[in-house]
Amino acid sequence: MMKTTTTKMRVFLVLLAAASAAAAAAASTDRCHSGDRAALLAIKAALGNPYHFASWTPDTPCCGWYDVDCDPSTGRVVGLAVFQDANLTGAIPDAVAGLVHLQNLRLHHLPALSGPIPPAIAKLSNLSFLTISWTAVSGPVPSFLAALTKLAQLDLSFNSLTGAVPASLAALPNLYSVDISRNRLTGSLPPLLFAKAPQEAYLRLSHNNLSGGVPAEFAAVGFAEVDLSRNAFTGDASALFGRAKPLQRLDLSRNTFSFNLSGVQLPEQLYFVDVSHNDIYGGIPTQVANLSNLQFFNVSYNRLCGEVPAGGNMARFDAYSFQHNKCLCGTPLPPCK
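Note that the structure is predicted; figures quoted are calculated from it, not measured.

Enquirer: Any chance you could break down the side chain of D36 for me, citing the residues and the numbers?
Expert: Residue placement: D36 occurs in helix α2 (residues 34-46). Side-chain polar atoms of D36 contact the side chain of R76, separated by 2.9 Å. Not counting the four nearest positions on each side in its chain, D36 is found in contact with C62, G75, R76, V77, G98 and L99.

Structure below.
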């Protein structure tokens, strides 16, 4: 009898907790701060009142609106994610600055969204995640982004941005991920970028017109991923390697990097390496054969010499990975003489 009573009590408590959670969730969608509502409606108006925002009506709570995310305890708007609408036109509205509690702003796959990144973005002091990607947004990567001291991830990929990567980004103490790939950037890499990164760093700058070398300061950064492919970089990139580094993915392909590959040490957890189409010399480190996580390895179109390491995981890689070098030999290439 006692056991049955205890079981019933447990079931009751579980149901009570579930009901409380459901009530809290329902209450959060019923709430809407007047300032947040006004800002969202101003954003809608600035973009021409498109059908995408049909649920944004003054007589309904804004926390229940499409694309809007609210904090369940405060009812303030903390997330705005507008994505995949080719009919949404215009520039990023200045009214976004009115969402003073916003932590996550995502404007993604909006091909008709144009104009520069507005200074109003800099007023979002609580912003941790900023995504403006796959749009027609143009102009520079603004230096005023350095005002976003809580910013952790910045994704400005697949746009028409020009100019340099602003050195001011190095001042951000929480920034650990930057993706500005597929734009029209020029200039060199800021030496102190990620000098304050609080965790493993991610840098994606592929398909731009960036030039210069890899800053010596990058040797001290714990990169987990670096993609500098399809730019005009030159010089020594060996500082990105290192046995004790957290590096998992490295793509330096289609630049003019020139350094001795023989002397680099590769992290054990590395799973992707593409250094093809450069001016890299020396030989392939024998350690490559022992990297059990390595799934992709391409050193083609360089000036490498010597025997391709054998054994271990090397059977995964065909001649394509090693072709068009100065004098590499051995399986899967022709035998060494």
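So that's the structure; there's more coming.
Enquirer: Give me the lowdown on α2, citing residues and values where you can.
Expert: In an α-helix, one turn spans 3.6 residues; hence positions three or four apart end up facing the same way. Here α2 contains 13 residues, and its C-alpha end-to-end distance of 18 Å stays within 8% of the 18 Å for a straight helix at 1.5 Å per residue. Taken together, the buried positions of α2 are D36, A39, L40, I43 and K44. Buried residues in α2, looked at end-on, bunch into an arc of 140 degrees, giving them a common side. In this structure, the buried side of α2 is in contact with β1 (68-70) and β2 (77-83).

Enquirer: So what's going on with the environment of L110? Residues and values would help.
Expert: Here L110 is to be found in strand β4 (residues 104-115). The class of L110 is buried, set by a relative accessible area of 1%. In the structure, L110 is positioned 24 residues away from W134 in sequence and 6.3 Å away in space, judged by C-alpha atoms. Setting aside residues no more than four positions away along its own chain, L110 makes contact with V82, F83, Q84, D85, S133, W134, T135 and A136.

Enquirer: Talk me through the sheet that holds strand β13 (residues 232-235); I want residue IDs and the actual numbers.
Expert: Reading across the sheet, the three strands line up as β11-β13-β15 and stay open at both edges, with parallel pairing between neighbours. Both edges of this open sheet fall to β11 (211-212) and β15 (256-257), since each of them pairs with a single strand only. The pairing of β11 with β13 spans two bridges and is parallel. Residue pairing across strands places G212 opposite F233, the latter belonging to β13.

Enquirer: Please give an account of the state of the cysteines that cites residues and values.
Expert: This structure, assessed with the given rule, holds four disulfides. Two residues, C32 and C62, share a disulfide whose sulfurs are 2.0 Å apart. Since a negative S-S torsion denotes a left-handed disulfide, the C32-C62 link at about 110 degrees is right-handed. Remark: C62 occurs in the loop between α2 and β1 and C32 occurs in the loop between α1 (2-30) and α2; sequence separation between them is 30 residues. Look at C32 and you get buried, because its relative accessible area is 18%. Of the residues examined, C62 reaches a relative accessible area of 0% and is grouped as buried. The side chain of C329 participates in a disulfide bridge whose partner is C336; the two sulfur atoms lie 1.9 Å from each other. Residues C329 and C336 are joined by a disulfide whose S-S torsion is about 95 degrees; by sign, that bridge is right-handed.

Enquirer: So, the sheet that holds strand β20 (residues 327-329): which residues are in play, and what are the values?
Expert: Spatially, the three strands line up as an open sheet ordered β17-β19-β20, and their pairing is parallel. Each of the sheet's edge strands pairs with one partner strand only, and the pair in question is β17 (281-282) and β20. Looking at chain direction, β17 and strand β19 (residues 303-307) are connected through two bridges and run parallel. Within β19, the residue paired with G282 across the bridge is L304.

Enquirer: Requested: an account of the nonpolar core, with residues and values cited.
Expert: With 90 residues, the main nonpolar core has L40, L80, L105, L130, F223, L228 and F322 as its most contacted residues. Contributing elements (two or more residues each) for this core: α2, β1, β2, β4, β5 (129-140), β10 (201-204) and β12 (223-227). For this core, the element with the highest residue contribution is β4, accounting for four residues. If near-sequence neighbours (up to four positions away) are discounted, L105 is found in contact with L80, V96, I121, L124, L127, F129, L130 and T131.

Conventions used here
- Chains are numbered independently. Their residues run from 1 in the order of the written sequence.
- Residue-level local features of this predicted model are given only where pLDDT is at least 70; pairs of side-chain atoms are given and counted only at 80 or more, and the full residue set underlies all totals for whole chains, interfaces and linings.
- The basis for every side-chain value is the complete set of heavy atoms in the structure, and neither hydrogens nor water enter the calculation.
- Strands here are runs of E lasting at least two residues and helices are runs of H or I lasting at least four, both read from the DSSP assignment and numbered beginning at the N terminus.
- Pairing of N or O atoms within 3.5 Å defines a polar contact, subject to two protein rules: one partner must be a possible hydrogen donor and the other a possible acceptor, and residues neighboring in sequence count only if both atoms are side-chain atoms.
- In what follows, residue pairs with any heavy atoms lying within 4.5 Å of each other are defined as contacts.
- Multiplying one less than the number of residues by 1.5 Å gives the expected span of a helix.
- Burial here depends on accessible area, computed with a 1.4 Å probe over protein chains only, as a share of the maximum for the residue type. Under 20% is buried, over 50% is exposed, and the range in between is partly exposed.
- As used here, the arc is the angular range of directions from the helix axis to the C-beta atoms.
- Each pair of strands is called paired provided DSSP finds at least two bridges between the two strands.
- The definition used for a disulfide is geometric: two cysteine sulfur atoms within 2.5 Å.
- Definition of nonpolar core: a set of buried residues of the types Ala, Val, Leu, Ile, Met, Phe, Trp, Tyr and Cys, connected through side-chain atoms within 4.5 Å.

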